[in-house]
Amino acid sequence: NLDSRGLQLDGLRARLGGGDVQFGGRIGIEGYRPSRLDVTMTGREMRLRFPAGMRSLVDADLSLTGSVDQPTLGGIVFVRSAVYSGRFDAGGGLFELAGGGASPGSTSAQTTLPLRYDVRISAPSTLRIENNTARVVASADVQLRGTFDRPLLLGRADIERGEGLFEGRRYVITRGTIGF
């Protein structure tokens, strides 16, 4: 619904990764230009393939609020399941997941979005690595903060069990914690 003050999104539905997504809220308009954002998105059973090598099934309750010049993406993402099956190179192993990959904001162009993050990501015993080097089950409760060009992860991931190969030897993992 569009009027002189903005665009009302209530009742707008879509599909993302095979899951149902419902939008609500409003995009304010001043002088033919978007001004204020107050948009919600609720998605259920969305199948995602990001980052490379990862397949996830997630639910999300997100909001995009603030001015168009400084919006904030907030809310919660609940990970129903996530499996990383990408191969590890001989040198990096499990440590490749912690660094070296491209962040969402790393692009070759100098253009950046003024987007800020405040998103909680909860994955209770639903994270798995199943590849040539490891078989691991883990949980995570992290907060995505920062900006689009400088994202920050705060929180922890707990390795519950698994096994891995390192320099030709098999190791049984009984537990572990990774702090962010």
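Residues numbered from 1 in each chain as written. Predicted model: local features only at pLDDT ≥ 70, side-chain atom pairs only at ≥ 80, totals over all residues. Heavy atoms only, no water.

A. Just the nonpolar core, in detail. Counting residues in hydrophobic clusters, the biggest one holds 24 residues, and the most contacted among them are Ala 60, Leu 62, Val 77 and Ile 129. Elements that contribute at least two residues to this core include exactly β5 (33-48), β6 (54-67), β7 (72-84), β8 (116-130) and β9 (134-146). (Core = buried A, V, L, I, M, F, W, Y, C linked by side-chain atoms within 4.5 Å. Buried < 20%, exposed > 50% of the residue type's maximum accessible area, 1.4 Å probe, protein only. Helix = DSSP H or I, 4+ residues; strand = E, 2+ residues; numbered from the N terminus.)

B. Summary view of a nonpolar patch on the surface. A cluster of nonpolar side chains, Leu 153, Ile 178 and Phe 180, forms an exposed patch at the surface whose accessible area comes to about 250 Å². One can find Leu 153 in strand β10 (residues 151-166). (Patch = residues over 30% accessible without salt bridge, like charges linked within 9 Å, V, L, I, M, F, W, Y side chains within 5 Å. Areas by Shrake-Rupley, 256 points an atom, 1.4 Å probe, with all protein chains shown as cover. Salt bridge = Lys/Arg side-chain N within 4 Å of Asp/Glu carboxyl O.)

C. Quick peek at the environment of Ser 85. Along the chain, Ser 85 turns up in the loop between β7 and β8. Ser 85 gets classed as partly exposed once you look at its relative accessible area, which sits at 34%. Distance from Ser 85 to Thr 133, taken between C-alpha atoms, is 9.8 Å for residues 48 residues apart in sequence. The residues contacting Ser 85, other than those within four sequence positions of it, are Gly 53, Arg 55, Glu 130 and Asn 131. (Contact = heavy atoms within 4.5 Å.)

D. Seen up close, the pattern of salt bridges. In the structure shown here, the tally under the stated rule is 10 salt bridges. Between Glu 45 and Arg 80 there is a salt bridge, with the nearest N and O atoms lying 3.7 Å from each other. Pair noted here: Glu 45 is in strand β5 and Arg 80 is in strand β7, with a separation of 35 residues, a long-range link. For Glu 45, a relative accessible area of 44% corresponds to the partly exposed category. Residues Asp 158 and Arg 156 are paired through a salt bridge, measuring 2.7 Å at the closest nitrogen-oxygen approach. Overlapping salt bridges bring together Glu 45, Asp 59 and Arg 80 as one network.

E. The side chain of Ser 122, seen in detail. Residue placement: Ser 122 occurs in strand β8. When its relative accessible area of 11% is taken as the criterion, Ser 122 is described as buried. What Ser 122 contacts, discounting residues up to four positions off in sequence, is Val 77, Phe 78, Val 79, Ala 140 and Asp 141.

F. Molecular detail of the pairing of β10. With 13 bridges connecting them, β9 and β10 associate as antiparallel partners. Of the residues in β10, the one forming a bridge with Val 137 is Arg 161. Between β9 and the antiparallel strand that follows it, β10, lie 4 residues. Sheet topology places β10 next to strand β11 (residues 169-173); 5 bridges connect them, and they run antiparallel. (Pairing = 2+ DSSP bridges.)

G. Broad picture of the confidence of the model for the protein chain. In this model, the protein chain carries a mean pLDDT of 87, and residues with pLDDT of at least 70 account for 87%. When pLDDT is averaged over each element of the protein chain, β7 comes out on top at 97 and strand β1 (residues 2-3) at the bottom at 78. Contacts of residues 98-110 to residues separated by more than four positions or lying in other chains number 6 contacts, the stretch itself having pLDDT below 50. (pLDDT = per-residue confidence, 0-100.)

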